[in-house]
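Spelled out from the first residue to the last, the chains are:
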Amino acid sequence: MERIPEGLRTAAGYTWRLGLLGIGAYLVVDVLARLQLPVIALFVALVITSVLRPLVDLSARAVPRSLAVLIAFLCALAVIGGVLTLVGTTVADEWNRLGNELRGGLGRIDHWLTGAPFHLRPGTVTDLRAKIGDFIAAHRSTLVSTALSGAGRAVELVTGLALSVFCSVFFLHSGDRMWSWAQRQLPTGSRTVWDRAGRAAWRTFAGYTRGVLIVAATNAVLVGIALAILGVPLVLPLTVLEFVAALIPLIGSPIALAIASLVALAARGPVVALLVLALIVVIGQIEGHLLHPLVLGWSVRIHPVVIALSVIGGAVLAGVLGAVVAVPVVSVAWAVIGELRELRAHPGPRGRPDRAEGERHEG
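Residues numbered from 1 in each chain as written. Predicted model: local features only at pLDDT ≥ 70, side-chain atom pairs only at ≥ 80, totals over all residues. Heavy atoms only, no water.

(A) Structural detail: the environment of valine 83. Counting through the fold element by element, valine 83 comes out in helix H3 (residues 65–114). Put simply, valine 83 and valine 240 are 157 residues apart on the chain and 8.5 Å apart in space, counted from C-alpha to C-alpha. (Helix = DSSP H or I, 4+ residues; strand = E, 2+ residues; numbered from the N terminus.)

(B) Examining the packing of helix H6 (residues 191–230) against helix H7 (residues 235–245) more closely. For the pair H6 and H7, the least separation of the axes is 8 Å and the interaxial angle reads 150°. The pairing of H6 with H7 is recorded here as roughly antiparallel in orientation. The two elements H6 and H7 cross, and the hand of that crossing is right-handed. For the pair H6 and H7, contact is made by Leu213, Ala216, Ala217, Asn219, Ala220, Val223, Gly224, Leu227 and Ala228 and by Val235, Leu238, Thr239, Glu242 and Phe243, respectively. Here the contact of H6 with H7 is composed, by residue class, of ten nonpolar, three polar and one charged. (Axes fitted to C-alpha atoms, helices over the stretch in contact; angles between N-to-C directions. Parallel < 35°, antiparallel > 145°, perpendicular 65-115°, else oblique. Left-handed = near helix turned anticlockwise from the far one by under 90°. Contact = heavy atoms within 4.5 Å. Nonpolar A, V, L, I, M, F, W, Y, C, P; charged D, E, K, R; others polar.)

(C) Molecular detail of a nonpolar patch on the surface. Among the surface-exposed residues, Leu161, Leu163, Val165, Phe166, Val169, Phe170 and Met178 lie close enough to one another that they form a single nonpolar patch of about 570 Å² accessible area. In this structure, phenylalanine 170 sits in helix H5 (residues 140–184). (Patch = residues over 30% accessible without salt bridge, like charges linked within 9 Å, V, L, I, M, F, W, Y side chains within 5 Å. Areas by Shrake-Rupley, 256 points an atom, 1.4 Å probe, with all protein chains shown as cover. Salt bridge = Lys/Arg side-chain N within 4 Å of Asp/Glu carboxyl O.)

(D) Broad picture of the nonpolar core. Grouped together as the largest cluster of nonpolar side chains are 15 residues, with contacts concentrated most on Leu227, Val232, Leu238, Ala264 and Val276. Listed by contribution, the elements that provide at least two residues to this core are H6, helix H8 (252–268) and helix H9 (270–296). Contacts of leucine 238, omitting those with residues within four sequence positions, involve Leu227, Val232, Pro233, Ala260 and Val263. (Core = buried A, V, L, I, M, F, W, Y, C linked by side-chain atoms within 4.5 Å. Buried < 20%, exposed > 50% of the residue type's maximum accessible area, 1.4 Å probe, protein only.)

(E) Region of interest: H8. Its 17 residues give H8 an end-to-end C-alpha distance of 24 Å, which sits within 8% of 24 Å, the value for a rise of 1.5 Å per residue. One or two positions beyond H8, positive phi appears at glycine 269, with a value near 100°. (Expected span 1.5 Å × (residues − 1).)

(F) Up close: the side chain of glutamate 339. Relative to the elements of secondary structure, glutamate 339 occurs in helix H10 (residues 304–345). With a relative accessible area of 12%, glutamate 339 lands in the buried category. Not counting the four nearest positions on each side in its chain, glutamate 339 is found in contact with Arg196, Ala197, Ala200 and Arg203.

Take a look at the structure:
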(Lines give C-alpha, C1' and ligand atoms only; values in the text may rest on other atoms or scores of the structure.)
Protein backbone atom coordinates (compact mmCIF):
# COMPACT_ATOMS: atom_id res chain seq x y z
CA MET A 1 0.00 0.00 0.00
CA GLU A 2 2.89 2.36 0.73
CA ARG A 3 4.16 1.93 -2.87
CA ILE A 4 0.81 3.11 -4.33
CA PRO A 5 0.76 6.90 -4.77
CA GLU A 6 -1.76 8.77 -2.65
CA GLY A 7 -3.39 10.34 -5.70
CA LEU A 8 -3.96 6.95 -7.33
CA ARG A 9 -5.55 5.54 -4.15
CA THR A 10 -7.84 8.57 -3.93
CA ALA A 11 -8.79 8.27 -7.61
CA ALA A 12 -9.48 4.54 -7.21
CA GLY A 13 -11.66 5.18 -4.18
CA TYR A 14 -13.70 7.76 -6.05
CA THR A 15 -13.89 5.49 -9.10
CA TRP A 16 -15.49 2.48 -7.43
CA ARG A 17 -17.85 4.66 -5.40
CA LEU A 18 -18.92 6.58 -8.50
CA GLY A 19 -19.27 3.25 -10.31
CA LEU A 20 -21.65 1.96 -7.65
CA LEU A 21 -23.63 5.19 -7.81
CA GLY A 22 -23.79 4.88 -11.60
CA ILE A 23 -25.04 1.30 -11.38
CA GLY A 24 -27.67 2.36 -8.84
CA ALA A 25 -28.78 5.26 -11.03
CA TYR A 26 -29.00 2.95 -14.05
CA LEU A 27 -31.17 0.49 -12.14
CA VAL A 28 -33.46 3.27 -10.94
CA VAL A 29 -33.86 4.62 -14.48
CA ASP A 30 -34.48 1.11 -15.81
CA VAL A 31 -37.23 0.50 -13.24
CA LEU A 32 -38.81 3.88 -13.99
CA ALA A 33 -38.72 3.10 -17.72
CA ARG A 34 -40.55 -0.17 -17.11
CA LEU A 35 -43.13 1.70 -15.00
CA GLN A 36 -43.47 4.47 -17.54
CA LEU A 37 -47.26 4.88 -17.38
CA PRO A 38 -47.62 5.31 -13.58
CA VAL A 39 -44.47 7.48 -13.42
CA ILE A 40 -45.79 9.83 -16.11
CA ALA A 41 -49.21 9.85 -14.46
CA LEU A 42 -47.63 10.80 -11.13
CA PHE A 43 -45.63 13.58 -12.77
CA VAL A 44 -48.75 14.98 -14.44
CA ALA A 45 -50.60 14.72 -11.12
CA LEU A 46 -47.90 16.81 -9.46
CA VAL A 47 -48.19 19.37 -12.29
CA ILE A 48 -51.97 19.56 -11.86
CA THR A 49 -51.55 19.89 -8.10
CA SER A 50 -49.01 22.70 -8.39
CA VAL A 51 -51.23 24.65 -10.80
CA LEU A 52 -54.53 24.21 -8.95
CA ARG A 53 -53.22 24.38 -5.37
CA PRO A 54 -53.43 28.21 -5.07
CA LEU A 55 -57.03 28.19 -6.29
CA VAL A 56 -57.96 25.37 -3.92
CA ASP A 57 -56.33 27.11 -0.95
CA LEU A 58 -58.15 30.34 -1.80
CA SER A 59 -61.53 28.64 -2.21
CA ALA A 60 -61.03 26.58 0.97
CA ARG A 61 -61.25 29.79 3.01
CA ALA A 62 -64.95 30.08 2.14
CA VAL A 63 -66.08 26.50 1.44
CA PRO A 64 -65.07 23.01 2.61
CA ARG A 65 -61.85 21.76 1.02
CA SER A 66 -63.59 18.94 -0.86
CA LEU A 67 -65.86 21.47 -2.53
CA ALA A 68 -62.86 23.72 -3.22
CA VAL A 69 -61.12 20.87 -5.08
CA LEU A 70 -64.27 20.27 -7.13
CA ILE A 71 -64.53 23.97 -7.99
CA ALA A 72 -60.88 24.06 -9.10
CA PHE A 73 -61.30 21.06 -11.40
CA LEU A 74 -64.51 22.46 -12.88
CA CYS A 75 -62.75 25.76 -13.62
CA ALA A 76 -59.82 23.91 -15.24
CA LEU A 77 -62.16 21.81 -17.37
CA ALA A 78 -64.09 24.92 -18.42
CA VAL A 79 -60.90 26.69 -19.50
CA ILE A 80 -59.47 23.70 -21.40
CA GLY A 81 -62.81 22.82 -22.99
CA GLY A 82 -63.39 26.42 -24.02
CA VAL A 83 -59.99 26.71 -25.66
CA LEU A 84 -60.37 23.41 -27.54
CA THR A 85 -63.86 24.34 -28.70
CA LEU A 86 -62.69 27.75 -29.89
CA VAL A 87 -59.75 26.21 -31.76
CA GLY A 88 -61.98 23.60 -33.43
CA THR A 89 -64.51 26.23 -34.44
CA THR A 90 -61.80 28.47 -35.86
CA VAL A 91 -60.25 25.66 -37.91
CA ALA A 92 -63.66 24.60 -39.23
CA ASP A 93 -64.56 28.15 -40.25
CA GLU A 94 -61.24 28.84 -41.97
CA TRP A 95 -60.68 25.41 -43.53
CA ASN A 96 -62.13 26.11 -46.99
CA ARG A 97 -60.51 29.53 -47.26
CA LEU A 98 -57.23 28.11 -46.01
CA GLY A 99 -57.31 25.35 -48.64
CA ASN A 100 -57.66 27.91 -51.42
CA GLU A 101 -54.89 30.04 -49.93
CA LEU A 102 -52.56 27.05 -49.59
CA ARG A 103 -53.15 26.00 -53.19
CA GLY A 104 -52.38 29.52 -54.37
CA GLY A 105 -49.44 29.72 -52.00
CA LEU A 106 -47.94 26.51 -53.36
CA GLY A 107 -48.13 28.01 -56.83
CA ARG A 108 -46.38 31.15 -55.62
CA ILE A 109 -43.68 29.06 -53.93
CA ASP A 110 -43.18 27.05 -57.12
CA HIS A 111 -42.80 30.26 -59.11
CA TRP A 112 -40.44 31.70 -56.49
CA LEU A 113 -38.19 28.62 -56.53
CA THR A 114 -37.80 28.83 -60.33
CA GLY A 115 -36.18 32.27 -60.01
CA ALA A 116 -32.93 33.43 -58.45
CA PRO A 117 -31.11 32.17 -56.48
CA PHE A 118 -32.62 28.66 -56.64
CA HIS A 119 -33.36 28.25 -60.39
CA LEU A 120 -35.25 24.99 -59.88
CA ARG A 121 -37.24 23.55 -62.73
CA PRO A 122 -40.95 24.50 -62.91
CA GLY A 123 -43.38 22.19 -61.14
CA THR A 124 -41.00 21.15 -58.37
CA VAL A 125 -43.56 21.66 -55.60
CA THR A 126 -46.30 20.03 -57.67
CA ASP A 127 -44.10 16.99 -58.30
CA LEU A 128 -43.26 16.81 -54.61
CA ARG A 129 -46.98 16.76 -53.74
CA ALA A 130 -47.53 13.98 -56.27
CA LYS A 131 -44.65 11.94 -54.83
CA ILE A 132 -46.08 12.34 -51.33
CA GLY A 133 -49.43 11.11 -52.59
CA ASP A 134 -47.82 8.13 -54.29
CA PHE A 135 -45.88 7.30 -51.11
CA ILE A 136 -49.07 7.38 -49.02
CA ALA A 137 -50.86 5.14 -51.52
CA ALA A 138 -47.96 2.65 -51.61
CA HIS A 139 -47.61 2.46 -47.82
CA ARG A 140 -51.27 2.60 -46.89
CA SER A 141 -51.17 -0.67 -44.94
CA THR A 142 -48.20 0.53 -42.89
CA LEU A 143 -49.96 3.78 -42.15
CA VAL A 144 -53.09 1.92 -41.08
CA SER A 145 -51.13 -0.31 -38.70
CA THR A 146 -49.38 2.76 -37.32
CA ALA A 147 -52.75 4.39 -36.76
CA LEU A 148 -54.00 1.29 -34.93
CA SER A 149 -50.95 1.27 -32.68
CA GLY A 150 -51.61 4.96 -32.13
CA ALA A 151 -55.11 4.04 -31.00
CA GLY A 152 -53.57 1.74 -28.39
CA ARG A 153 -51.39 4.60 -27.24
CA ALA A 154 -54.49 6.74 -27.01
CA VAL A 155 -56.03 4.22 -24.62
CA GLU A 156 -52.87 4.37 -22.49
CA LEU A 157 -53.06 8.15 -22.61
CA VAL A 158 -56.63 8.18 -21.33
CA THR A 159 -55.72 5.69 -18.61
CA GLY A 160 -52.73 7.74 -17.53
CA LEU A 161 -54.78 10.94 -17.52
CA ALA A 162 -57.47 9.33 -15.37
CA LEU A 163 -54.80 8.12 -12.92
CA SER A 164 -53.27 11.62 -12.86
CA VAL A 165 -56.59 13.25 -12.03
CA PHE A 166 -57.30 10.61 -9.38
CA CYS A 167 -53.95 11.20 -7.66
CA SER A 168 -54.14 14.99 -7.94
CA VAL A 169 -57.54 15.01 -6.21
CA PHE A 170 -56.01 13.39 -3.14
CA PHE A 171 -52.88 15.56 -3.33
CA LEU A 172 -55.01 18.70 -3.38
CA HIS A 173 -57.41 17.53 -0.69
CA SER A 174 -55.01 15.99 1.83
CA GLY A 175 -51.48 16.35 0.50
CA ASP A 176 -50.16 17.80 3.78
CA ARG A 177 -51.54 14.89 5.79
CA MET A 178 -50.05 12.42 3.29
CA TRP A 179 -46.65 14.07 3.66
CA SER A 180 -46.90 14.00 7.46
CA TRP A 181 -47.80 10.30 7.36
CA ALA A 182 -44.82 9.57 5.11
CA GLN A 183 -42.52 11.40 7.51
CA ARG A 184 -43.75 9.38 10.46
CA GLN A 185 -42.57 6.20 8.70
CA LEU A 186 -38.98 7.46 8.73
CA PRO A 187 -36.45 7.18 11.58
CA THR A 188 -36.85 10.00 14.07
CA GLY A 189 -33.39 11.43 13.54
CA SER A 190 -33.79 11.81 9.76
CA ARG A 191 -37.24 13.39 9.63
CA THR A 192 -35.99 16.97 9.61
CA VAL A 193 -33.60 16.29 6.73
CA TRP A 194 -36.30 14.65 4.65
CA ASP A 195 -38.82 17.35 5.53
CA ARG A 196 -36.58 20.22 4.50
CA ALA A 197 -35.43 18.41 1.34
CA GLY A 198 -39.00 17.52 0.37
CA ARG A 199 -40.31 21.03 0.96
CA ALA A 200 -37.45 22.54 -1.03
CA ALA A 201 -38.18 20.11 -3.87
CA TRP A 202 -41.88 20.98 -3.85
CA ARG A 203 -41.24 24.74 -3.75
CA THR A 204 -38.92 24.48 -6.73
CA PHE A 205 -41.19 22.16 -8.72
CA ALA A 206 -44.34 24.22 -8.08
CA GLY A 207 -42.54 27.48 -8.78
CA TYR A 208 -41.08 26.14 -12.02
CA THR A 209 -44.43 24.73 -13.19
CA ARG A 210 -46.37 27.92 -12.54
CA GLY A 211 -43.57 30.05 -13.93
CA VAL A 212 -43.18 28.10 -17.17
CA LEU A 213 -46.95 28.29 -17.72
CA ILE A 214 -46.80 32.07 -17.32
CA VAL A 215 -43.86 32.29 -19.72
CA ALA A 216 -45.61 30.04 -22.26
CA ALA A 217 -48.83 32.06 -22.03
CA THR A 218 -46.92 35.31 -22.52
CA ASN A 219 -45.07 33.91 -25.53
CA ALA A 220 -48.34 32.66 -27.01
CA VAL A 221 -50.01 36.06 -26.63
CA LEU A 222 -47.09 37.87 -28.25
CA VAL A 223 -46.94 35.38 -31.12
CA GLY A 224 -50.72 35.52 -31.62
CA ILE A 225 -50.67 39.32 -31.84
CA ALA A 226 -47.77 39.27 -34.30
CA LEU A 227 -49.39 36.60 -36.52
CA ALA A 228 -52.69 38.51 -36.53
CA ILE A 229 -50.91 41.72 -37.59
CA LEU A 230 -49.09 39.85 -40.39
CA GLY A 231 -52.36 38.29 -41.58
CA VAL A 232 -51.25 34.67 -41.15
CA PRO A 233 -54.21 32.24 -41.19
CA LEU A 234 -55.03 29.89 -38.31
CA VAL A 235 -53.84 32.40 -35.74
CA LEU A 236 -55.59 30.76 -32.80
CA PRO A 237 -54.38 27.17 -33.46
CA LEU A 238 -50.84 28.43 -34.02
CA THR A 239 -51.07 30.42 -30.78
CA VAL A 240 -52.13 27.30 -28.88
CA LEU A 241 -49.28 25.38 -30.55
CA GLU A 242 -46.85 28.07 -29.39
CA PHE A 243 -48.18 27.79 -25.83
CA VAL A 244 -47.76 24.00 -25.77
CA ALA A 245 -44.33 24.07 -27.43
CA ALA A 246 -43.05 26.81 -25.10
CA LEU A 247 -43.38 24.37 -22.20
CA ILE A 248 -40.06 22.95 -23.50
CA PRO A 249 -37.51 25.66 -22.67
CA LEU A 250 -35.29 27.15 -25.37
CA ILE A 251 -36.20 24.78 -28.23
CA GLY A 252 -40.01 24.51 -28.07
CA SER A 253 -40.88 28.05 -29.13
CA PRO A 254 -38.56 28.09 -32.21
CA ILE A 255 -40.08 24.81 -33.42
CA ALA A 256 -43.62 26.21 -33.14
CA LEU A 257 -42.62 29.42 -34.92
CA ALA A 258 -40.94 27.40 -37.68
CA ILE A 259 -44.27 25.62 -38.28
CA ALA A 260 -46.03 29.00 -38.29
CA SER A 261 -43.52 30.27 -40.85
CA LEU A 262 -44.35 27.33 -43.14
CA VAL A 263 -48.04 28.23 -42.93
CA ALA A 264 -47.15 31.86 -43.62
CA LEU A 265 -44.97 30.82 -46.56
CA ALA A 266 -47.79 28.84 -48.16
CA ALA A 267 -50.50 31.41 -47.46
CA ARG A 268 -48.74 34.79 -47.54
CA GLY A 269 -45.45 34.30 -49.34
CA PRO A 270 -41.74 34.36 -48.46
CA VAL A 271 -41.63 37.92 -47.08
CA VAL A 272 -44.20 37.23 -44.36
CA ALA A 273 -42.56 33.86 -43.68
CA LEU A 274 -39.22 35.59 -43.10
CA LEU A 275 -40.91 38.02 -40.72
CA VAL A 276 -42.35 35.09 -38.78
CA LEU A 277 -38.89 33.53 -38.64
CA ALA A 278 -37.59 36.82 -37.26
CA LEU A 279 -40.02 36.34 -34.38
CA ILE A 280 -37.86 33.40 -33.25
CA VAL A 281 -35.06 35.82 -32.39
CA VAL A 282 -37.38 38.41 -30.85
CA ILE A 283 -39.33 35.92 -28.71
CA GLY A 284 -36.09 34.19 -27.71
CA GLN A 285 -34.61 37.47 -26.47
CA ILE A 286 -37.76 38.37 -24.55
CA GLU A 287 -37.98 34.89 -23.04
CA GLY A 288 -34.30 34.61 -22.14
CA HIS A 289 -33.59 38.13 -20.88
CA LEU A 290 -36.94 39.24 -19.43
CA LEU A 291 -39.45 36.47 -18.74
CA HIS A 292 -37.18 33.74 -17.37
CA PRO A 293 -35.23 36.00 -14.97
CA LEU A 294 -38.40 37.79 -13.86
CA VAL A 295 -40.77 34.84 -13.53
CA LEU A 296 -38.51 31.86 -12.89
CA GLY A 297 -35.49 33.51 -11.28
CA TRP A 298 -36.77 33.08 -7.73
CA SER A 299 -37.57 29.37 -8.07
CA VAL A 300 -35.05 28.00 -10.61
CA ARG A 301 -31.45 29.12 -10.12
CA ILE A 302 -29.57 27.17 -12.77
CA HIS A 303 -27.51 28.50 -15.65
CA PRO A 304 -29.03 28.65 -19.18
CA VAL A 305 -26.24 26.34 -20.38
CA VAL A 306 -27.36 23.73 -17.85
CA ILE A 307 -30.97 24.19 -19.02
CA ALA A 308 -29.95 23.66 -22.65
CA LEU A 309 -27.88 20.57 -21.86
CA SER A 310 -30.71 19.19 -19.71
CA VAL A 311 -33.27 19.63 -22.47
CA ILE A 312 -31.04 18.05 -25.12
CA GLY A 313 -30.04 15.20 -22.83
CA GLY A 314 -33.65 14.51 -21.87
CA ALA A 315 -34.67 14.54 -25.52
CA VAL A 316 -31.92 12.05 -26.42
CA LEU A 317 -32.84 9.71 -23.57
CA ALA A 318 -36.65 9.88 -23.67
CA GLY A 319 -37.76 11.95 -26.66
CA VAL A 320 -40.23 14.80 -26.24
CA LEU A 321 -41.25 13.58 -22.79
CA GLY A 322 -37.65 13.66 -21.63
CA ALA A 323 -37.24 17.21 -22.94
CA VAL A 324 -40.32 18.30 -20.99
CA VAL A 325 -39.33 16.77 -17.64
CA ALA A 326 -35.57 17.33 -17.83
CA VAL A 327 -35.46 20.91 -16.53
CA PRO A 328 -37.84 20.42 -13.57
CA VAL A 329 -35.99 17.24 -12.56
CA VAL A 330 -32.60 18.98 -12.68
CA SER A 331 -34.02 22.04 -10.88
CA VAL A 332 -35.51 19.94 -8.10
CA ALA A 333 -32.29 17.94 -7.70
CA TRP A 334 -30.23 21.14 -7.46
CA ALA A 335 -32.65 22.66 -4.93
CA VAL A 336 -32.45 19.54 -2.75
CA ILE A 337 -28.64 19.54 -2.92
CA GLY A 338 -28.57 23.21 -1.93
CA GLU A 339 -30.94 22.62 0.99
CA LEU A 340 -28.90 19.69 2.26
CA ARG A 341 -25.71 21.72 1.93
CA GLU A 342 -27.27 24.54 3.96
CA LEU A 343 -28.48 22.05 6.56
CA ARG A 344 -24.99 20.63 6.87
CA ALA A 345 -23.45 24.11 7.13
CA HIS A 346 -25.95 25.25 9.81
CA PRO A 347 -26.86 22.15 11.86
CA GLY A 348 -28.11 24.17 14.84
CA PRO A 349 -31.37 23.78 16.72
CA ARG A 350 -33.27 24.32 13.49
CA GLY A 351 -31.48 21.43 11.81
CA ARG A 352 -31.80 18.75 14.53
CA PRO A 353 -35.04 19.07 16.47
CA ASP A 354 -36.04 15.51 15.71
CA ARG A 355 -32.81 14.11 17.16
CA ALA A 356 -33.42 15.96 20.44
CA GLU A 357 -37.00 14.75 20.40
CA GLY A 358 -35.79 11.19 19.87
CA GLU A 359 -33.38 11.48 22.80
CA ARG A 360 -36.21 12.68 25.02
CA HIS A 361 -38.32 9.71 23.98
CA GLU A 362 -35.43 7.34 24.66
CA GLY A 363 -34.89 8.92 28.10
